[in-house]
Amino acid sequence: MVRITEELVRKRSEHNEGIIGTLEELSLHQEDIEKIEHLNNWCKDLQILYLQANLISKIENLNKLKRLQYLNLAVNNIEVIENLERCESLEKLDLTLNFIGDLESVASLKNNIHLKDLYLTGNPCCEFEGYRDYVIAQLPQLQSLDVVEIKRSDKLKARQQFKEAEQKIKRCQEEYRLQREEQKQRVSRKNPSDLSDDDFWKSTSENCPETRIEIARRSTKSKNVDAKEEKPKRSVSLFNKDGRPLNVNQAKLRFTFNDEDPKQYVLDVAVYKFLDTNLIDVDLQPIFVKLTVKGKVFQMVFPEEIYVEKSTAQRSQTTGHLVLKMPRVNYKPKTHRILPKKESTTEEKKTKREYLEVEKKEDMDFSKIVENSNKVKEVYSIYSNPEIPPLEYA
């Protein structure tokens, strides 16, 4: 028996990063599930739920899914329509190819006022006389039944003929109940589990829930045998022939590699938020890093060498991402050169002293001002004498 486990739900919720509390759509089809469980508490925001092609025999544990709009339970072993009254938002219900013989149970959907589309094709009840009129009269909110539009005239006709259709349905329903009891006895007497696989697949089986369960059991058994006989898968190549590491993303993880900082490389790997850290193994080398996540490898080669002992690996508490910070080996910080002070020589000091030191005099001598002015007059009088010829330049 296959159970609905947390691991299975998280596996089918990869589109929501493995977070199941906020899931709006979930597909659990073809898993050989025999019972609906846990979804009531784990995924209360579900709007679309696919459970077709399983072995579910009873509709149950869905009463808390207030936002559920579409429920697909096609190709299961359901015999009665029940326990959907509290799915207040239900608009579409698919029960194709089940074993519903209790057509009166369709009345349990009266309170699902938003229900527009109902599929019952392939169920024993579809063979009952007056089937369509009975369902339309019981569920006036329907807009289509078995992919056939329900017109206003169909609703009027169904209401008018309801009593007559109800009597026919009860009679057909009782006949089917007796047939079903006889069928159960025949199947139990044959005991198909005693047959070999070859005899079972060659024999003619009745179309009933018990046969479907036996078919699923034998199919699973043969798959397991085939899986054992299969050759082991080729291991992923992490190094080339020369021993150089290769870039590998077997785990198919999203990541970002930042090399803009000249001091260090920063690698951000999008690991699932709720994944246990014990399932992550980090192998950091000077020229590459290898992450093993749930047995699958993520490997990246660096453009330059890094310091392994100075590197850090941390997980974000909000996103669950794994962040590696790895300092570069070739990084050299820029240094400013300071020139030494030049000592001045004795001669330079004397020269500075000659130019800078001025002899102080308290009194200024104004006595020679007149004498200087007389000398200027004498020079000027010589040049102004007409007997002296002017100077000529060669």
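Residues numbered from 1 in each chain as written. Predicted model: local features only at pLDDT ≥ 70, side-chain atom pairs only at ≥ 80, totals over all residues. Heavy atoms only, no water.

Undergrad: Looking at this model, I keep getting lost on the overall build of the protein. Mind explaining?
TA: Counting secondary structure elements, the protein contains nine helices and 15 strands. Within the protein, the proportion of its 394 residues that are buried is 32%. In the protein, the proportion of contacts linking residues at least 24 apart, taken out of those at least 6 apart, comes to 46%. Counting only carbon and sulfur atoms, one obtains 49% of the accessible surface of the protein, whose full area is about 27,300 Å². (Helix = DSSP H or I, 4+ residues; strand = E, 2+ residues; numbered from the N terminus. Buried < 20%, exposed > 50% of the residue type's maximum accessible area, 1.4 Å probe, protein only. Contact = heavy atoms within 4.5 Å. Areas by Shrake-Rupley, 256 points an atom, 1.4 Å probe, with all protein chains shown as cover.)

Undergrad: Is there a simple way to explain the layout of surface pockets in this structure?
TA: The rolling of a water-molecule-sized probe over the atoms marks out the regions of remaining empty space. Put simply, the largest pocket is a space of about 860 Å³. Around the largest pocket sit 26 residues that line it, and Arg10, Lys11, Glu14, Tyr272 and Lys294 are the ones nearest its centre. Classifying every residue of the lining of the largest pocket by side-chain character gives ten nonpolar, four polar and twelve charged. (1 Å grid on protein atoms, 1.4 Å probe; cavity = no way out; pocket = protein on both sides within 12 Å on 5 of 7 lines; lining within 4 Å. Points joined across faces, edges and corners; volume = space filled by probe spheres on them. Nonpolar A, V, L, I, M, F, W, Y, C, P; charged D, E, K, R; others polar.)

Undergrad: Before we go on, may I ask you to explain the packing of aromatic side chains in this structure?
TA: Any aromatic ring pair is given by two values, namely how distant the centres are and how the planes are angled relative to each other. Taken as a whole, this structure holds nine aromatic pairs when the rule is applied. Centre to centre, the rings of Phe200 and Trp201 are 5.2 Å apart; their planes meet at 75 degrees, and the pair counts as edge-to-face. Accessibility expressed as a relative area gives 46% for Trp201, which makes it partly exposed. Seen in terms of ring centroids, Phe257 and Tyr265 are 5.2 Å apart; in terms of plane orientation they differ by 35 degrees. Their pairing is tilted. Overall, the relative accessible area of 25% leaves Phe257 in the partly exposed class. Judged by its relative accessible area of 2%, Tyr265 falls in the buried class. Put simply, the rings of Phe257, Tyr265 and Phe302 pair up and form one aromatic cluster. (Phe/Tyr/Trp six-rings, centres within 6.5 Å; stacked < 30°, edge-to-face > 60°.)

Undergrad: Would you mind showing me how to read the UniProt feature "domain: U2A'/phosphoprotein 32 family A C-terminal" (unreviewed entry) in the protein here?
TA: The sites that UniProt annotates as "domain: U2A'/phosphoprotein 32 family A C-terminal" (unreviewed entry) are residues 128-146. Within residues 128-146, the helical portion is 42% and the strand portion 11%, while the C-alpha atoms at the span's ends are 15 Å from each other. (UniProt positions renumbered as here; feature names shortened; annotations may be inferred.)

Undergrad: I'm lost on the pairing of strand β10 (residues 264-269) in this one. Help?
TA: Within a regular beta strand, the side chains point alternately toward one face of the sheet and then the other, so they alternate between its two faces. Side chains Tyr265, Leu267 and Val269 of β10 all project onto a buried face; the interleaved residues Gln264, Val266 and Asp268 project onto a face where none is buried. Bridging between strand β9 (residues 255-258) and β10 involves four bridges; their strand directions are antiparallel. The residue bridging Phe257 from the neighbouring strand is Leu267, located in β10. Between β9 and β10, which follow one another and run antiparallel, lie five residues. In this sheet, strand β15 (residues 322-327) lies alongside β10 in antiparallel orientation, the contact comprising six bridges. Paired with Gln264 across the strands is Pro327, a residue of β15. (Pairing = 2+ DSSP bridges.)

Undergrad: What am I meant to see in the side chain of Asn76 here?
TA: Structurally, Asn76 can be placed in the loop between β3 (70-72) and β4 (92-94). Within the structure, the side chain of Asn76 is placed 3.1 Å from the backbone oxygen of Leu51, a separation counted as a polar contact. A distance of 3.0 Å separates the side chain of Asn76 from the backbone oxygen of Leu73, its partner in a polar contact. With sequence-adjacent residues up to four places away left out, Asn76 is seen in contact with Leu51, Gln52, Ala53, Asn54, Leu55, Ile56, Leu97, Asn98, Phe99 and Arg212. (Polar contact = N/O pair within 3.5 Å; in protein donor to acceptor, adjacent residues only side chain to side chain.)

Undergrad: Explanation requested: helix α3 (residues 131-138) in the structure shown.
TA: Side chains three or four residues apart in an α-helix point the same way, a direct result of the helix having 3.6 residues per turn. The element α3 is extensively covered by neighbouring structure, given that seven of its eight residues are classed as buried. Those residues of α3 not exposed but buried are Tyr131, Asp133, Tyr134, Val135, Ile136, Ala137 and Gln138. On its buried side, α3 packs onto β5 (117-119), β6 (144-145), α4 (152-160) and α5 (162-190).

Undergrad: Looking at this model, I keep getting lost on the sheet that holds strand β11 (residues 280-284). Mind explaining?
TA: Strand-to-strand pairing in sheets goes through backbone hydrogen bonds, with the strands running parallel or antiparallel. In space, the four strands of this open sheet follow the order β8-β13-β12-β11, with antiparallel pairing throughout. Of all the strands in the sheet, just β8 (248-249) and β11 have a single pairing partner and so form its edges. As paired elements, β11 and strand β12 (residues 288-293) share five bridges and run antiparallel to each other. Bridge pairing in β12 links Asp283 to Lys290.

Undergrad: Even after reading the chapter, I still don't get the packing of α3 against α5, so can you show me in this structure?
TA: Two numbers describe a pair of packed helices, the interaxial angle and the distance between the axes. Contact pair α3 / α5: the axes reach a minimum separation of 9 Å and the direction vectors enclose 120 degrees. For the element pair α3 / α5, the angle class is oblique. Here α3 runs over α5; the crossing is left-handed. Residues Tyr131, Asp133, Tyr134, Ala137 and Gln138 of α3 lie in contact with α5, whose contacting residues are Phe162, Ala165, Glu166 and Ile169. Of the residues belonging to the contact of α3 with α5, the class tally is six nonpolar, one polar and two charged. (Axes fitted to C-alpha atoms, helices over the stretch in contact; angles between N-to-C directions. Parallel < 35°, antiparallel > 145°, perpendicular 65-115°, else oblique. Left-handed = near helix turned anticlockwise from the far one by under 90°.)

Undergrad: Looking at this model, I keep getting lost on the nonpolar core. Mind explaining?
TA: Soluble, globular proteins show a tendency: their nonpolar side chains are buried together. Formed by 52 residues in total, the largest nonpolar core has its most connected members in Leu71 and Leu118. Put simply, the parts of the chain that give this core at least two residues each are α1 (6-11), α3 and α5. Sorting elements by how many residues they give to this core places α3 first, with five residues. Discounting residues that sit within four places of it in the chain, Leu118 has contacts with Leu93, Val106, Leu109, Val135, Leu139, Leu142, Ser144, Leu145 and Asp146. Listed in part, the 19 residues of the second largest apolar core include Ala251, Tyr265, Leu275 and Ile280. (Core = buried A, V, L, I, M, F, W, Y, C linked by side-chain atoms within 4.5 Å.)

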